[in-house]
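Examining the three-dimensional arrangement
Take a look at the letters that make up each chain.
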Amino acid sequence: MVLDEKYSLPSAENIIKHRCMIIVISSPSGVGKSTISRLLHEDGDMNLSLSISITTRNRRPSEIDNIHYHFVSRREFEYLRDNGELIEWAEVHGNYYATSRKSVVKILKEGQDMLLDIDYQGAAQLRQKMPRDVISIFMLPPSIKELKSRLHLRAADNHQTINLRLENARMEMQHWQNYDYILINENLDRSLAAVKAIIMAERLRYCRQLGLNKLVDKLINEEL
């Protein structure tokens, strides 16, 4: 007997539901986390939502408000922070950075994995609040000399600011052991491929495939 399509058995895709996750990428300034995050977001096959951070720092000439960052005043930032509107926040290089709580909740409810480009302070806050849902990746430069060269080539900061970023980089790198994965960004293409592999592997963990037990039961009891 051939089942009518209306009464056919549910497919594996209909049985299994994906438990969404937050992929956190951290690194010292200039290592490449923002570039990796942008390329991941632009890859439609990865199906990732990229969080736009809130910041109080001055906008660079190449940046667009509400696309690269949500630029706000310190007073606006403090209001959001003090009223529980931020899921994580940190002070970096004398400026505030944060992630909107509403944006994270909205994306996860829509069933999409979220990508966050944040520093080690914000990552620690997220791991504490959502330990089952955060996958963290820390990116290292191949050398401090190479990092200094990248910061100068970026031509976004003056000499004093670059030196401050290099000093902060030494401090930030001390937190590498708090992350799930460590990546040395020596080659952009290889680094991007590595991050994609991490995300795909994490999506296949049984704890993220809700309803997998139903599928296995169906397979075991399916008639030949």
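Sequence order sets the numbering: in each chain, residues are counted from 1 along the sequence as written. Totals for whole chains, interfaces and linings use all residues, but because this is a predicted model, local features are given only for residues with pLDDT of at least 70 and pairs of side-chain atoms are given and counted only at 80 or more. Water and hydrogen atoms were dropped before computing side-chain values, which therefore reflect all heavy atoms in the structure.

1. Here's the deal with the layout of surface pockets
Vacant regions in the atomic arrangement are exposed by a probe of water-molecule size rolled over the atoms. Cavities and pockets were defined on a 1 Å grid built from protein atoms only: a cavity is a group of points that admits a 1.4 Å probe but offers it no way out, a pocket is an open group of points flanked by protein on both sides within 12 Å along at least five of seven lines, and a lining residue is one with an atom within 4 Å of any such point. Grid points are joined across faces, edges and corners, and a volume is the space filled by probe spheres set on the points. The calculated volume of the largest pocket comes to roughly 1300 Å³. Along the wall of the largest pocket there are 45 residues; nearest its centre are S34, T35, R60, Y69 and D117. Only DSSP runs of H or I reaching four residues or more are called helices, and only runs of E reaching two or more are called strands; each is numbered from the N terminus. Residue contributions to the lining of the largest pocket peak at seven residues, all from helix α2 (residues 33-42). Here the term charged refers only to Asp, Glu, Lys and Arg, the term nonpolar to Ala, Val, Leu, Ile, Met, Phe, Trp, Tyr, Cys and Pro, and the term polar to all other amino acids, Gly among them. Looking at the lining of the largest pocket, its residues break down into 16 nonpolar, 15 polar and 14 charged.

2. Focus on the sheet that holds strand β8 (residues 113-117)
Overall, parallel pairing links the five strands, which are arranged β3-β8-β2-β9-β10 in an open sheet. In this open sheet, the two edge strands, each paired with only one partner strand, are β3 (48-50) and β10 (181-184). Each strand of the sheet is rotated relative to its neighbour by a mean of 25°, with strand direction disregarded. At least two DSSP bridges between two strands are required for those strands to pair. Of the pairings in the sheet, the one linking β3 to β8 comprises three bridges and is parallel in character. Of the residues in β8, the one forming a bridge with S49 is M114. Two residues form a contact once any of their heavy atoms are found within 4.5 Å. A fitted line through C-alpha atoms serves as each axis, taken over the contacting stretch for helices, and the angle formed by two N-to-C directions is quoted from 0 to 180°. Across the face of the sheet, helix α5 (residues 120-129) comes into contact with β2 (22-26), β8 and β9 (134-140) while running at roughly 155° to β2. Helix α8 (residues 188-203) contacts β2, β3, β8, β9 and β10 of the sheet and is inclined by roughly 165° relative to β10.

3. Details of the nonpolar core
Nine residue types can take part in a nonpolar core, namely buried Ala, Val, Leu, Ile, Met, Phe, Trp, Tyr and Cys, and a core is a set of them joined through side-chain atoms within 4.5 Å. A simple rule labels every residue: compare its accessible area, found with a 1.4 Å probe on the protein chains alone, to the largest value its type can have, and call it buried under 20%, exposed over 50%, or partly exposed in between. Formed by 22 residues in total, the largest nonpolar core has its most connected members in I23, I25, L40, V195 and I199. Taken together, the elements giving at least two residues each to this core come down to β2, α2, β9, α6 (144-154), α7 (159-172) and α8. When residues of this core are assigned to their parent elements, the largest contribution, four residues, is made by α8. Those residues in contact with I23 that sit more than four places away from it in its chain are L48, D113, M114, L115, L116, I135, I137 and I199. One finds I87, M114, Y120 and L126 within the second-largest nonpolar core, a separate group that totals 17 residues.

4. So, the packing of aromatic side chains
Only rings of Phe, Tyr and Trp enter the pairing, Trp through its six-membered ring, and a pair is recorded when the two centres are within 6.5 Å. The plane angle decides the type: under 30 degrees is stacked, over 60 is edge-to-face, the rest tilted. Applying the stated criterion to the full structure yields six aromatic pairs. Considering the side-chain rings of Y69 and Y97, the 6.0 Å spacing of their centres and the 65° angle between planes classify their relative orientation as edge-to-face. Of this pair, Y69 sits in the loop between β4 (54-55) and β5 (70-71) while Y97 sits in strand β7 (residues 95-100), and the two are 28 residues apart along the sequence. Overall, the relative accessible area of 16% leaves Y97 in the buried class. Ring plane angle 70° and centroid distance 6.4 Å describe the contact between F77 and W89, whose orientation is recorded as edge-to-face. With F77 in helix α3 (residues 74-82) and W89 in strand β6 (residues 86-92), this pair connects stretches of sequence that are twelve residues apart. Note on W89: relative accessible area 31%, which makes it partly exposed. Aromatic rings pair up to connect Y69, F71 and Y97 into one cluster.

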